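Residue-level structural notes
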Amino acid sequence: MKMAKKILSSLLAASMLLGTLTACGGGNSDTTESAAKSVTEAAASSGNTLTVGMMADSAGFDPAESQGSPIGMSLVYDTVVRMDVNGQLQPCLATDWEWTDDTTVVLTIRDGVKFSNGDPLTPEDVLYTFRHFTEGSATYAADTGYDNIDFDNCSVDGMKLTIKLKEPDVLFIDRMVSFRWSSVVSQKLGQMTEDEIWNSPVGTGPYTCVENVSGSYATFKRNEDYWGDKPAAEEITIRYYAEETTMMIDLETGAIDIAVGLSDNNAKRLENGEAKGQCKIVPSGDMILFTMPEYVDVFQDINVREAVAHALNVEQLTKISLGELGKPATSTVPETTKFYKNVGAYSYDPELSKQILADAGYQDGDINLKIVYVQSDVNDKMCEAAQSMLKEVGINLSVEGYDFATAISYFMNGDLDFSLAEFTENCFDTAILYSFGAAECTNACMALQDEEFNKLIREGKSTSDEAKRQEIYGEVQDYMYNLYRWIPVAEKMVATGLGDRINADSYYAFDATCPDLRYVTFNS
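Below is a short write-up of the structure.

This part takes up empty space enclosed by the protein. This structure, assessed with the given rule, holds two cavities of 30 Å³ or more. Reported here for the largest cavity is a volume of approximately 60 Å³. Lining of the largest cavity is provided by Ala329, Ser331, Thr332, Val343, Gly344, Ala345, Tyr346, Gln477, Met480, Tyr481, Trp486 and Pro488. Each residue belonging to the lining of the largest cavity can be placed in one class, and the counts come to eight nonpolar, four polar and no charged.

As structure tokens, this is what we get:
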């Protein structure tokens, strides 16, 4: 069955689309890699099956066109490189990489790897993968950085692939850890129909897709010829649910082994023993923040921005909107991001906020703002609570929630004064997140023309010295704290229900819609 085309269902995701940043064969978790080492041939031949339930439908198997969950791609494909638990790049389909100058990198492609159709992996397949992204989604072409490749001057020598870039890019190799951005496909993908890609994708990963029914389920069989460590599960079935209640019933009755992306209420039920099963809560890499756009006149006054920052109770906003599935943010980038620095949350002090406004000459009711957002339970609660807190210090906030199609027109036209933004899905590098604040960014609610900010983020992208980048991005985070343009509110967590036969220590989620199923093991 052909996969229906999808559009992003969140205005926030549309405003700052980020790919899922994952590791080839593992996530950034100590338990993930330790579990991998414990998967022996005996476990791999036990015939265990794994059934997973989730609310998000699969993204399909064309990495350059897919916009849903990449969970299927994470089973069928491998990435060029992977990232270890310390955030360091490690070999995957590329066993080595070497920069010969600022715009030339030589990848050594792993020899002896075969696609699921029996064809050997070649450097030409990897180069084709990069080119395929530039011919597919324009958004992904820019996000991956592959549009910076000078394809006419790339070359192959044996298993070595020389990549020439048009301009220096210190993040080029780092981007290749993503199943969404770096799932290596066969050159034959271009000869396959949409139905063939949907039903029988060709990859080098540890599983092959044997059945794929849109909106219902997908079944994967272990690839016995896989070049890497064999996973414990011989077969994986992923079921897609329209209602969480039904998914929870199936978890408790044993119809599924894992329920991905549970609500705060069901997470509590599992933790309290009210529901049968285990609960695993991990960071999602998503962060919610309010922004005060530069195009809004009243926000040109830093006193107003500072007053707003101290009027919002970040801890309460997090608790009200996310419950146990959120924690107060302590920087303008999530903790899971490379070069994160804990600069602390703004103190909640409404009396200080009132005093700052009074000293700046503002009286109650002088400041009237409007926020527009895509309606959801979390967004409704977040914006309504913020409205009440700002009202307490004399600032009126009009709250308008709409469906996606309606809200995006407001967003694109800049017809709002106060913005609710979200960094969506786990991001590996601070440079990617801060690019949404760069002067050239088309997202007016996020973009900053501030000279010092833009100078610092350019410096951070221009050096490959890790210590220097840590220093620069630490300075950026301090600067953003004192600029009061972005108000970090909450980092999201993702809750997953596990059946009793699942070893909880072996489970890790890349993000809210993509658990790492390769290394899931079973209790005796």
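Structure shown, so let's carry the discussion forward.
Turning our attention to the environment of glycine 60. With respect to the helices and strands, glycine 60 occurs in the loop between β1 (49-54) and α4 (71-76). Residue glycine 60 is classed as buried on the basis of its relative accessible area, which comes to 1%. Distance in space between the C-alpha atoms of glycine 60 and serine 214 is 8.9 Å, their sequence separation being 154 residues.

We now examine a negative patch on the surface. Together, Glu65, Glu194, Asp195 and Glu196 give the surface a local cluster of negative charge. Relative to the assigned elements, glutamate 65 resides in the loop between β1 and α4. According to the relative accessible area criterion, glutamate 65 is partly exposed, its value standing at 38%.

This paragraph deals with the packing of aromatic side chains. Under the definition given, this model contains 19 aromatic pairs. Ring centres of tyrosine 434 and tyrosine 473 lie 6.4 Å apart, and the angle between their planes is 20 degrees; this geometry places the pair in the stacked category. Here the residue tyrosine 434 occupies a position in helix α16 (residues 430-434), and tyrosine 473 occupies one in helix α18 (residues 466-483), the gap between them amounting to 39 residues. Relative accessible area serves as the criterion here: at 0%, tyrosine 434 is assigned to the buried category. Through a chain of ring-to-ring contacts, the aromatic side chains of Phe339, Phe423, Tyr434, Phe436, Phe453, Tyr473 and Trp486 assemble into a single cluster.

Turning our attention to the pairing of strand β12 (residues 278-291). Regular strands have side chains that alternate between both faces of the sheet. The element β12 is largely enclosed, with a buried count of 10 among its 14 residues. Examined bridge by bridge, β12 and strand β17 (residues 486-498) share 11 bridges and lie antiparallel to one another. Looking at the pairing, lysine 280 lines up with threonine 496 of β17. Looking at chain direction, β12 and strand β16 (residues 419-423) are connected through five bridges and run antiparallel. Its bridge partner lying in β16, phenylalanine 290 is registered against leucine 420.

So, on to the packing of helix α12 (residues 314-322) against helix α14 (residues 377-392). Close contact between α12 and α14 brings their axes to 8 Å; oriented N to C, the two are set at 145 degrees. Regarding α12 and α14, the two cross each other, and that crossing is right-handed. Residues Gln316, Leu317, Ile320, Ser321 and Leu322 of α12 lie in contact with α14, whose contacting residues are Val378, Lys381, Met382, Ala385, Ala386 and Met389. Per-class residue counts for the contact of α12 with α14 are eight nonpolar, two polar and one charged.

For the rest of this paragraph, the subject is α18. Since the α-helix advances by 3.6 residues per turn, residues separated by three or four positions end up pointing in the same direction. An ideal rise of 1.5 Å per residue puts 26 Å on 18 residues; α18 measures up with 25 Å between its terminal C-alpha atoms. Listing the buried residues of α18 in full gives Arg469, Ile472, Tyr473, Gly474, Val476, Gln477, Met480 and Leu483. The secondary structure elements touched by the buried residues of α18 are α11 (302-311), α16, α17 (451-462) and β17. Where α18 begins, one side-chain oxygen reaches toward the backbone nitrogen of alanine 467, 3.0 Å away; that side chain belongs to aspartate 465. With its phi angle positive at about 60 degrees, tyrosine 484 sits one or two positions after the end of α18.

As a further point, take the pairing of β16. With five of five residues buried, β16 lies mostly within the body of the structure. Neither face of β16 is exposed, since Ser419, Ala421 and Phe423 on one face and Leu420 and Glu422 on the opposite face are all buried.

This part covers the sheet that holds strand β4 (residues 94-101). Pairing is antiparallel in the open sheet, where four strands are placed in the order β4-β5-β7-β6. Every interior strand has two partners, whereas the edge strands, β4 and β6 (155-157), have only one. Ignoring which end each strand starts from, the neighbouring axes of this sheet average 20 degrees apart. Pairing of β6 with strand β7 (residues 160-164) involves three bridges; the strand directions are antiparallel. Directly across from aspartate 157, in β7, lies its bridge partner lysine 160. On the sheet, helix α5 (residues 123-135) packs against β5 (104-109), β6 and β7 and is oriented at approximately 25 degrees with respect to β7.

Our focus in this paragraph is the nonpolar core. In this structure, Phe290, Val308, Leu312, Leu317 and Phe418 are the most contacted members of the largest nonpolar core, which totals 36 residues. Elements with a contribution of two residues or more to this core: β12, α11, α12, α13 (350-359), β14 (367-374), α14, β15 (395-402) and β17. Here this core takes seven residues from α14, the largest share from any one element. If we skip the residues at most four places from it in the chain, phenylalanine 290 touches Leu312, Leu317, Ile371, Met382, Ala386, Phe418, Ser419, Leu420, Arg485, Trp486, Ile487 and Val489. Tyr128, Leu189, Ala218 and Ala233 belong to the second-largest nonpolar core, a separate cluster that totals 35 residues.

This part is about the pattern of salt bridges. Scanning the entire structure with this criterion turns up 19 salt bridges. Among the salt bridges present, the one from aspartate 169 reaches arginine 175, with a minimum N-O distance of 3.3 Å. The pair formed by aspartate 169 and arginine 175 is uniform in burial state, with each residue classed as buried. Between aspartate 377 and lysine 381 there is a salt bridge, with its nearest N and O atoms 3.3 Å apart. Taken as a pair, aspartate 377 and lysine 381 lie in helix α14 at a separation of four residues, close to a single helical turn. Among the charged side chains, a salt-bridge network with shared partners connects Arg222, Glu224, Lys230 and Glu234.

What counts and how
Residues numbered from 1 in each chain as written. Predicted model: local features only at pLDDT ≥ 70, side-chain atom pairs only at ≥ 80, totals over all residues. Heavy atoms only, no water. 1 Å grid on protein atoms, 1.4 Å probe; cavity = no way out; pocket = protein on both sides within 12 Å on 5 of 7 lines; lining within 4 Å. Points joined across faces, edges and corners; volume = space filled by probe spheres on them. Nonpolar A, V, L, I, M, F, W, Y, C, P; charged D, E, K, R; others polar. Helix = DSSP H or I, 4+ residues; strand = E, 2+ residues; numbered from the N terminus. Buried < 20%, exposed > 50% of the residue type's maximum accessible area, 1.4 Å probe, protein only. Patch = residues over 30% accessible without salt bridge, like charges linked within 9 Å, V, L, I, M, F, W, Y side chains within 5 Å. Areas by Shrake-Rupley, 256 points an atom, 1.4 Å probe, with all protein chains shown as cover. Salt bridge = Lys/Arg side-chain N within 4 Å of Asp/Glu carboxyl O. Lys, Arg positive; Asp, Glu negative; His and termini not counted. Charge placed at Lys NZ, Arg CZ, Asp CG, Glu CD. Phe/Tyr/Trp six-rings, centres within 6.5 Å; stacked < 30°, edge-to-face > 60°. Pairing = 2+ DSSP bridges. Axes fitted to C-alpha atoms, helices over the stretch in contact; angles between N-to-C directions. Left-handed = near helix turned anticlockwise from the far one by under 90°. Contact = heavy atoms within 4.5 Å. Expected span 1.5 Å × (residues − 1). Polar contact = N/O pair within 3.5 Å; in protein donor to acceptor, adjacent residues only side chain to side chain. Core = buried A, V, L, I, M, F, W, Y, C linked by side-chain atoms within 4.5 Å.

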